[in-house]
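Next come the chains, spelled out residue by residue.
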Amino acid sequence: MTDAIRAEGLVKQFKGKRALDGVDLTARTGTVLGVLGPNGSGKTTTVRILATLLRPDAGHAEVGGFDVVREPHQVRRLIGLTGQYAAVDNELTGTQNLVMIARLLGMGRAESRARTTELLERFGLTDAADRPVKTYSGGMRRRLDLAASLVGRPSLLYLDEPTTGLDPHSRNGLWGVVRGLVDDGVTVLLTTQYLEEADQLADDLVVLDHGRVISRGTPEELKSRAGDQVLELRTADPGQLHLAGKIVEAVTGSPVEVAPGDLAVAVPVADAGVLPEVVRRLDDQGLAVGELSLRRPSLDEVFLALTGRAAEEHTENEEARA
Amino acid sequence: MSTATTEGAGARTRAQVPERITPLTTIGNGLQLARRSVLKIKANPAEVLGLVLQPFMFVVLFVFVFGEAMMGDWRAYRDFLMPGVIAQSVVFATLGTGFSLSEDVEKGVFDRFRSLPIARSAPLIGAILGDLVRYAITVVMVLLVGLLIGFRPEGGAVGVIGAGLLVLVFAFALCWMSAFVGMIARTPMSVQAFGMILMFPLTFASSAFVSPDDMPGWLRAVAANNPVTHLVDSMRALMLGGDAASPVAWTLVWAAVITAVFFPLAVWAYRRRT
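These figures come from a predicted structure and were not determined experimentally.

Caption draft 1: Broad picture of the environment of Ser149(A). Structurally, Ser149(A) can be placed in helix α5 (residues 138-150). Along the sequence, Ser149(A) and Leu159(A) sit 10 residues apart, while their C-alpha atoms lie 9.5 Å from each other. If sequence neighbours within four positions are ignored, Ser149(A) has contacts with Gly80(A), Leu81(A), Thr82(A), Pro154(A), Leu157(A) and Arg112(B). Within the structure, Ser149(A) has its side chain in polar contact with the backbone oxygen of Leu146(A) (distance 2.7 Å).

Caption draft 2: A look at the pairing of strand β6 (residues 79-82) of chain A. Residues and elements named next belong to chain A. Side chains of β6 alternate between two faces, with Ile79 and Leu81 and Gly80 and Thr82 buried alike. Judged from the four bridges that link them, β6 and strand β7 (residues 156-160) form a sheet pairing that is parallel. What sits directly across from Thr82, in β7, is Leu159.

Caption draft 3: Examining the sheet that holds β6(A) more closely. Residues and elements named next belong to chain A. Reading across from one edge, β6-β7-β8-β3-β9-β10 is the order of the six strands in this open sheet, with mixed pairing throughout. Both edges of this open sheet fall to β6 and β10 (212-217), since each of them pairs with a single strand only. With strand direction ignored, the average angle separating the axes of adjacent strands in the sheet is 15°. Against the sheet, helix α1 (residues 43-50) touches β3 (32-36), β6, β7, β8 (187-192) and β9 (204-209), its axis set at about 155° to β8.

Caption draft 4: Main features of the domain arrangement of chain A. Segmentation of chain A into domains returns domain 1 (3-222) and domain 2 (229-295). Taking only C-alpha atoms into account, the centre of domain 1 of chain A sits 41 Å from that of domain 2 of chain A.

Caption draft 5: Seen up close, the UniProt feature "transmembrane region" (unreviewed entry) in chain B. All names here are of chain B. Within this structure's numbering, the places UniProt gives as "transmembrane region" (unreviewed entry) are residues 48-68, 80-101, 122-151, 157-181, 193-210 and 248-270. End C-alpha atoms of residues 122-151 are separated by 40 Å, and the span's content is 90% helix alongside 0% strand. Secondary structure across residues 193-210 divides into 67% helix and 0% strand, with the first and last C-alpha atoms of the span separated by 25 Å.

Caption draft 6: Summary view of the interface of chain B and chain A. Taken together, the 41 residues of chain B in the interface contact 55 residues of chain A. Interface of chain B and chain A: buried area, both sides summed, is about 4400 Å²; carbon and sulfur atoms make up 51% of it. Between the two partners, chain B and chain A, sit five salt bridges. In this structure, Asp89(A) and Lys107(B) form a salt bridge, with 4.0 Å as the shortest nitrogen-oxygen distance. On the surface where chain B and chain A come into contact, there are eight residue pairs in polar contact (both at pLDDT 80 or more). Sorting the residues of the side of chain B that touches chain A by element identifies α1 (23-43) and α5 (109-114) of chain B as the ones contributing at least two each. Ranked by the residues each element gives to the side of chain B that touches chain A, the list is headed by α1(B), at seven residues. Here the side of chain B that touches chain A is composed, by residue class, of 15 nonpolar, 13 polar and 13 charged.

Criteria and thresholds
- Residues numbered from 1 in each chain as written.
- Chains lettered and ligands numbered in written order.
- Predicted model: local features only at pLDDT ≥ 70, side-chain atom pairs only at ≥ 80, totals over all residues.
- Heavy atoms only, no water.
- Helix = DSSP H or I, 4+ residues; strand = E, 2+ residues; numbered from the N terminus.
- Contact = heavy atoms within 4.5 Å.
- Polar contact = N/O pair within 3.5 Å; in protein donor to acceptor, adjacent residues only side chain to side chain.
- Buried < 20%, exposed > 50% of the residue type's maximum accessible area, 1.4 Å probe, protein only.
- Pairing = 2+ DSSP bridges.
- Axes fitted to C-alpha atoms, helices over the stretch in contact; angles between N-to-C directions.
- Domains from an automatic or database assignment.
- UniProt positions renumbered as here; feature names shortened; annotations may be inferred.
- Buried area = accessible area lost by both parts, 1.4 Å probe.
- Salt bridge = Lys/Arg side-chain N within 4 Å of Asp/Glu carboxyl O.
- Nonpolar A, V, L, I, M, F, W, Y, C, P; charged D, E, K, R; others polar.

Put into structure tokens, the structure is as follows:
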């Protein structure tokens with residue numbers, strides 16, 4: 001199997017600040033490569049270089065065997081790009097937006113129409129086809145944007161945080177579309193801040209932090225490095241958290257530190273079977289539990305496990321979930 | 001949303017997309033994007049309203065508020081003013097080029113275009129061709145309002161068409177300046193603010209509304225050398241009669257100079273902007 005994307009040693013500086021500091025990555029043809037990282041980690045810069053929108057200061061990248069700097073036109077013939085913001089014209093209708101792209105790509109009038117109708121139907125936008133995009137919901141706009149990037153039947157698709165800001169229903173729909181594309185042989189490069197999304201879609205993962213690759217592997221490999229699940233515990237009386245932390249530490253064998261002012265402890269656990277034991281011991285000590293849960297590790301926790309420190313730049317979403 | 005099953009991605013390249021960009025594809029792409037600009041004008045009621053109402057407002061206000069005070073007779077001022085108001089409306093309208101380009105950058109539409117296998121310059125060409133349509137509409141609207149209040153230019157159809165073409169040539173030159181501003185400004189709003197600072201002196205310190213002879217010495221010197229003065233003088237000569245040769249020549253020289261300076265700057269800023 002050949003590689004659809006191969007990048008080596010990509011470096012990019014903005015005003016003296018290193019956005020990318022030697023990024024290597026490869027995407028196997030017909031698979032989904034997930035690029036995971038917090039805001040400012042270099043995900044978008046990487047995508048922009050691979051989409052020929054930015055020139056790297058050092059390093060080189062090939063897409064479909066073509067050099068992104070020397071043969072940008074050939075690269076553009078292969079790719080579709082969906083950025084973080086829906087890049088569609090709000091004043092125009094869904095149909096007008098897609099027909100315009102089709103015509104730009106050299107399709108005839110009839111072919112452009114046919115392709116537009118087909119895509120609108122596939123993305124559930126047929127009813128809204130002749131309405132201006134400004135009347136669309138956020139999810140519809142994203143779908144139209146994705147449709148626009150598919151007009152030319154790209155063999156490589158870049159999705160830069162495609163589900164940020166979408167409700168769960170729209171997000172699931174989008175995931176379905178991505179899976180369908182992969183079934184058809186399209187190679188997808190997906191950036192995301194959400195571990196769950198990467199887990200759902202990606203065959204391989206690259207984790208970026210401060211413009212460097214800090215980890216790579218399959219989602220399974222990555223999660224096992226961070227612990228399969230996280231046990232989170234809040235005591236009814238915050239003053240007893242320290243005591244509860246000791247119990248969790250004793251049961252799971254993972255060190256637990258409770259700083260003054262903490263409201264909860266979170267510990268990676270390999271085996272969900274520890275939960276009843278924790279509950280029993282808390283009960284023995286007469287500690288009232290405010291909240292006790294087992295969940296998948298968040299991106300923050302993966303970062304903590306991978307780097308030994310928390311991700312520095314949070315989005316509001318992550319703050320809310322943490 | 002249904003799951004994809006019909007996507008024929010087996011085709012590794014887009015058959016219809018040319019291997020390389022020829023001048024013909026550049027023109028084709030540019031025209032497609034010009035069509036986009038025109039569709040956007042049509043789809044935006046506020047813009048259509050602005051295109052119609054603004055000329056009406058300017059002509060009516062200037063003629064009836066200042067007319068009697070300026071020349072003792074609003075009809076005389078109307079005839080003097082019409083070429084000036086056409087020029088002023090179009091010069092202000094060129095701001096729209098920078099504004100819409102800046103908006104495209106901000107919204108990520110430019111990234112989409114730049115990731116497509118189309119001519120690099122097509123978005124710029126499209127924006128400017130589309131805007132020329134907007135300026136032509138402006139010229140026609142102002143003229144219609146003038147005709148409505150009795151403006152009967154002696155230069156006849158030939159003179160009016162000549163003046164209209166000249167102002168479009170000048171607007172085409174100014175477009176590049178606007179595009180340059182649009183590419184270097186951070187937001188569409190700063191394009192607007194900066195443009196206003198530029199456009200007010202350019203149109204008011206000219207012969208558009210009053211003769212520079214009635215201005216204080218220093219301002220007269222500025223106005224006499226203002227390219228808009230040459231433009232307005234040409235249009236007056238063409239529409240109302242008089243010697244047009246010298247001001248028309250000056251106007252064309254200015255248009256050429258502005259284009260020579262700002263076309264390369266706009267293209268440079270456009271390529272640099274990411």
